[in-house]
Amino acid sequence: MKHLRLLFIVCLVLLPLPTSAADEDYGYPLTGSYEATILGTPVDMIPLFPAKTPTRQLVLDVIPGRIKPPIFFYDEGLRCTFAYQKKKAPLVFLIAGTGGSDRAPKLMNMMKALHQAGFHVITLPSSTNTNFIVSASQNRVPGNLPEDAADIYRVMEAAWQQIQADIEVSSFHLGGYSLGAGHAAFVAKLDEERKIFNFRRVLMINPPVSLYNSMARIEEMLKQIPGGSRKQGVFFNKMLSRFSLFYRYGNFVAINDDFLYAMYTEELFSREETAGLIGLTFRISLAGMIFSSDVMTNSGYVVPKNRVLHHTDPLFDYFLVSTHLSFFDYFNEHFYPHFLKLQPGLTKQALIDLSSLKSIEGYLKSSTKFGMMTNENDFILTRAELDYLRDLFGERGKIYPRGGHLGNLEYKDNLTYMVNFFKQGGTAP
Amino acid sequence: MREALCCRTGRMIFVMTLALALAGCATTGLPTAHEEPARHSISEFSDQRFAEVYDPWEEFNRNMYRFNYYFDKYLFLPLVSGYEFATPTILQERISSFYRNLGEVKNLTNSLFQLKGEESATTFARFLTNSTLGLGGLFDPATAFGLERHEQDFGKTLGYWGVDSGPYLVLPIFGPSSLRDTGGLAVDSAINYGIYTAIDPFGFTGNSFPIDTGITALGVVDARHQQSFRYYESGYPFEYYMVRFFYHKMREIESGRPLSAD
């Protein structure tokens, strides 16, 4: 199962296009947006990190007395990974993207790069990860950025409380990618009032401008498959058998990088199919959130209301049902009603606007502590949104010519940029 | 997880764990409040099912999956951490390399069983190179010479000759497997054991039992050390099904016969 991640990547695979785009000195090789997103950074272009990074797992009791349903028997608290220095050093909190755990592969490489450069690091799961929904989310319905930020802030405080006797910290910083970048913005804003950490530097990597719009764009990708998302099972099975056949016709040793590269050069999947696979991966990730939120709120959304699931009860049908629900279904049928109940009169548009950077743009524009990294071809942004980010962050923004959504995050230049950003802690950029 | 681990200690642990695991299962709580149908159910979708695997023993498997989590948590991983703490990284790498080289025996026998001439020759050359130039397998110069490693086992051999994988099966400690692959694991272990007993490399010491046991135990720890998978770590509520699917599909793809291009 060491290939688990690889296959996960592959299953969703990809890739036509590219060549040209003869771009200056930027050496990240994959020119297409989708292929970069799925293939990420080739192994030999990820920096080599020391074999051991001293880490400790923190398991936090963020909401004392929280009752956890038996199906989540293994959840013993909110998990964070803490990489520490033996001497006084700045500490960076990193927030995972949609669905990611505190040990998401991208997060681990960011952590190693920062630790190598002399930082303490604490990684946090996404608020959309089941561990977070079960152990740290007050409302158990993730996706509302200001509310998520309050939950995340509480986790950070609990983490800090647990470790502050053990280490010396010179200053605090914050970073996140994708949805986690959106969270970072709102957490930083909250910190201006709460003043526990007084973050010096805050880095947003591949952020959405409007969470709702970005989700909508990913949903759009699934519409490119025959029959749309309602026929995603047919699509998945078809892609999978093509994938298997390709392997068996070729003379491959294993499902490894060579095989992936061959798939890429042979254009095994069309552009539309690649888009569909990305959309489907996203749905699979979202399904975990929908199911967990439903179980935790006992809403009767995909699991019958009042049903108590135990550790051997079959869940596969819930998986199939949840993957067939779109982000819009979740928003309209579960998310919006939840917040409407708490705040009668709340309109959908108002709720959507809450989770947009535009709602705090004055703050983002004026605060010198922010930095932003994204890519010209990140498909979660429209052209207008990219221009918006360019305007909003000006000199503080770094826009790479390619990399898709997060594909170049682990590329050496990008990691170096990230490390240097935090090294400038305290001074204006 | 499936790799390595063999023989005596393995057998004993197997029996013990099985007993423990079975004792730990059963119980399905009674619903306390009246159930109401969910807003969405499977009946409203007319799509093919996907990422599903034949798993008639799901209840047993899910119990075993949980058992492995606890076994890892309270015994296996603390042991591995102790090992990682006490041993310098360089030494860990040499140890892993040593056991990987021993694993070539299994790769070789099975590529022979599959009548793969070229692959067998490559694997044999690897084994020779690494056992000599690589100082008994502590280093892996063969890869640098362009000799690629081919992972083989008897489960793949069976698959190659057309044996269906059968039901999915989660084994104690070893983790994800199938009925066919479990049989394969037994055969590989038996062959290893046979070869080892025939050679009896430590027979001359008069203390071969404790030495053999030590080698096996270290192999078990090394195998877990090399495997980064942790049960329930993904924080994905359908993790069991994802692992099941990936395991099954990987095995199916990698054990299948190559097809000719026309």
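Calculation notes
- Residues numbered from 1 in each chain as written.
- Chains lettered and ligands numbered in written order.
- Predicted model: local features only at pLDDT ≥ 70, side-chain atom pairs only at ≥ 80, totals over all residues.
- Helix = DSSP H or I, 4+ residues; strand = E, 2+ residues; numbered from the N terminus.
- Buried ≥ 20, exposed ≤ 12 C-beta atoms within 10 Å, placed from the backbone.
- Contact = placed C-beta atoms within 7 Å.
- Rg over C-alpha atoms; globule rule 2.2 N^0.38 Å.
- Pairing = 2+ DSSP bridges.
- Axes fitted to C-alpha atoms, helices over the stretch in contact; angles between N-to-C directions.
- Parallel < 35°, antiparallel > 145°, perpendicular 65-115°, else oblique.
- Left-handed = near helix turned anticlockwise from the far one by under 90°.
- Nonpolar A, V, L, I, M, F, W, Y, C, P; charged D, E, K, R; others polar.
- pLDDT = per-residue confidence, 0-100.
- Core = buried A, V, L, I, M, F, W, Y, C linked by C-beta atoms within 7 Å.
- Expected span 1.5 Å × (residues − 1).
- Right-handed = clockwise from strand over helix to strand, strands pointing away.

**Q** Please explain the overall build of chain B as it appears in this structure.
**A** The helix and strand inventory of chain B stands at 9 helices and 2 strands. Each helix (α) and strand (β) of chain B, taken in turn from the N terminus, gives the series α-α-α-α-α-α-β-β-α-α-α. Out of the 262 residues belonging to chain B, those deemed buried represent 36%. Sequence-distant contacts in chain B: of pairs separated by 6 or more residues, those separated by 24 or more amount to 72%.

**Q** Sorry if this is basic, but what is going on with the overall build of chain A here?
**A** Within chain A, the secondary structure is distributed over 16 helices and 8 strands. Taking 2.2 N^0.38 as the reference for a compact globule, 429 residues should give roughly 22 Å; the C-alpha atoms of chain A span a radius of gyration of 21 Å, in line with that estimate. In terms of overall dimensions, chain A has C-alpha extents of about 60 × 60 × 40 Å along its principal axes.

**Q** Would you mind showing me how to read the sheet that holds strand β2 (residues 78–83) of chain A here?
**A** Whenever strands of a sheet pair, they do so through backbone hydrogen bonds, lying parallel or antiparallel. All names here are of chain A. Here 8 strands make up an open sheet; going across it, the order is β1-β2-β4-β3-β5-β6-β7-β8 and the pairing mixed. Across the chains shown, the open sheet's two edge strands, defined by having one partner strand only, are β1 (55–60) and β8 (397–400). For this sheet, the mean angle separating the axes of adjacent strands, direction not counted, is 20°. Here strand β6 (residues 201–205) pairs with strand β7 (residues 370–375) via 4 bridges, running parallel. Residue pairing in the sheet places V202 in a bridge with F370 of β7.

**Q** How should I be thinking about the packing of helix α3 (residues 89–113) of chain B against helix α7 (residues 179–199) of chain B in this particular structure?
**A** A packed helix pair is summarised by two numbers, namely the angle formed by the two axes and the spacing between the axes. All names here are of chain B. Closest axis-to-axis distance for the α3/α7 pair is 10 Å, and the angle between their directions is 115°. With respect to α7, the axis of α3 lies roughly perpendicular. The two elements α3 and α7 cross, and the hand of that crossing is right-handed. Contact with α3, carried on its side by V105, K106 and T109, involves D188, I191, N192 and I195 of α7 and no other residues of that element. Taken together, the residues that form the contact of α3 with α7 break down as 3 nonpolar, 2 polar and 2 charged.

**Q** I'm lost on the confidence of the model for chain B in this one. Help?
**A** Segments scoring low in pLDDT should not have their predicted coordinates read at a detailed level. Residues and elements named next belong to chain B. Per-residue pLDDT for chain B averages 87, and the proportion of residues at 70 or more is 87%. Within chain B, the lowest mean pLDDT, 48, falls on helix α1 (residues 7–24), and the highest, 97, falls on strand β1 (residues 168–171). Every residue in residues 1–10 scores below 50 in pLDDT, and together they form 32 contacts with partners more than four places removed in sequence or on other chains. Model confidence for the complex: the whole-complex pTM is 0.89, and ipTM, which rates the interface, is 0.89.

**Q** Which parts of the structure should I look at to understand the nonpolar core?
**A** Across soluble globular proteins, you tend to see nonpolar side chains buried next to one another. Residue and element names in this part refer to chain A. Counting 140 residues, the largest nonpolar core has L94, L124 and A184 as the members making the most contacts within it. Ranked by residues supplied to this core, first place goes to helix α10 (residues 271–297) with 13 residues. Excluding residues that lie within four positions of it along the chain, L94 makes contacts with L107, M110, M111, V121, T123, L124, G175 and G176.

**Q** Can you walk me through the interface of chain A and chain B in this structure?
**A** At the junction of the two partners, chain A supplies 56 residues and chain B supplies 54 residues. Looking at the side of chain A that touches chain B, the elements with two or more residues in it are α1 (4–11), α4 (130–135), α8 (232–249), α10 and α11 (316–323) of chain A. For the side of chain A that touches chain B, the leading source of residues is α8(A), giving 9 residues. Residues that form the side of chain A that touches chain B fall into these classes: 28 nonpolar, 18 polar and 10 charged.

**Q** Quick question: what am I supposed to make of the packing of α10(A) against α11(A) here?
**A** All names here are of chain A. Following both chains from N to C, one finds α10 and α11 inclined at 115°, their axes separated by 8 Å at the closest point. Considering the relative orientation of α10 and α11, their crossing is right-handed. Across from R283, I284, A287, I290 and F291 in α10, the residues of α11 making contact are Y318, F319, S322 and T323.

**Q** Can you help me understand unusual backbone geometry in this one?
**A** Glycine aside, the phi torsion of most residues is negative, and most peptide linkages are trans. Residues and elements named next belong to chain A. Phi at S178 is positive, roughly 55°, even though this residue is not glycine. By the secondary structure assignment, S178 is in the loop between β5 (169–177) and α6 (179–194). In the Ramachandran plot, N206 falls in the positive-phi region, its phi being about 45° despite a non-glycine side chain. Judged by local crowding, N206 falls into the buried class, with 29 C-beta atoms found within 10 Å.

**Q** It is not clear to me how the environment of B:F139 should be interpreted in this structure. Could you clarify?
**A** Residue and element names in this part refer to chain B. Tracing the backbone shows F139 in the loop between α4 (117–132) and α5 (141–144). As a C-alpha pair, F139 and S96 span 43 residues in sequence and 9.5 Å in three-dimensional space. Residues contacting F139, with those up to four places away along its chain left out, are S97 and G134.

**Q** Help me understand α6(A) in this model?
**A** Given 3.6 residues per helical turn, the α-helix brings residues three or four places apart onto the same face. Residue and element names in this part refer to chain A. Between its first and last C-alpha atoms α6 spans 22 Å; for 16 residues at 1.5 Å apiece the expected length is 22 Å, and the two agree. Of all the positions in α6, only L179, G180, A181, G182, H183, A184, A185, F186, V187, A188 and D191 are classed as buried. Note on α6: the residue one or two positions beyond its end, K195, has a positive phi of about 55°.

**Q** What exactly am I supposed to notice about the pairing of strand β3 (residues 89–95) of chain A here?
**A** A regular strand carries its side chains on alternate faces of the sheet. All names here are of chain A. With 7 of 7 residues buried, β3 lies mostly within the body of the structure. With 6 bridges connecting them, β3 and β5 associate as parallel partners. Of the residues in β5, the one forming a bridge with L91 is F172. Across 5 bridges, the pairing between β3 and strand β4 (residues 120–124) is parallel. Bridged to V92 within β4 is V121. Following the backbone out of β3, through helix α3 (residues 105–116) and into the adjacent parallel β4, one traces a crossover that is right-handed.

**Q** Would you mind going over the environment of B:E151 with me for this structure?
**A** Inspection of the secondary structure assignment puts B:E151 in the loop between α5 and α6 (154–160). As for B:E151 and B:E104, which are separated by 47 residues in sequence, their C-alpha atoms are 8.1 Å apart.

**Q** I keep staring at the confidence of the model for chain A and nothing clicks. Help me out?
**A** The share of residues in chain A with pLDDT of 70 or more is 93%, and the mean pLDDT across the chain is 91. Confidence over residues 1–22 of chain A falls short of pLDDT 50; this stretch has 58 contacts with residues more than four positions distant or in other chains.

**Q** Just to check I follow, could you spell out the pairing of β5(A) for this structure?
**A** Residues and elements named next belong to chain A. Note that β5 and β6 share 5 bridges and pair parallel. Its bridge partner being in β6, H173 is matched across the sheet by R201. Running through α6, the crossover from β5 to the neighbouring parallel element β6 is right-handed.

**Q** Help me out: how do you make sense of helix α9 (residues 239–255) of chain B in this one?
**A** Under the 1.5 Å per step criterion, the end-to-end length of α9(B) is 24 Å for 17 residues, consistent within 8% with the ideal 24 Å. Buried residues of α9(B): B:Y240, B:Y241, B:V243, B:R244, B:F245, B:F246, B:Y247, B:H248, B:R251, B:I253 and B:S255, and no others.

**Q** Even after reading the chapter, I still don't get the environment of A:V308, so can you show me in this structure?
**A** All names here are of chain A. Tracing the chain through its elements places V308 in the loop between α10 and α11. Using a count of 18 C-beta atoms within 10 Å as the deciding quantity, one classes V308 as partly exposed. The sequence separation of V308 and P70 amounts to 238 residues, and the corresponding C-alpha distance is 7.5 Å.

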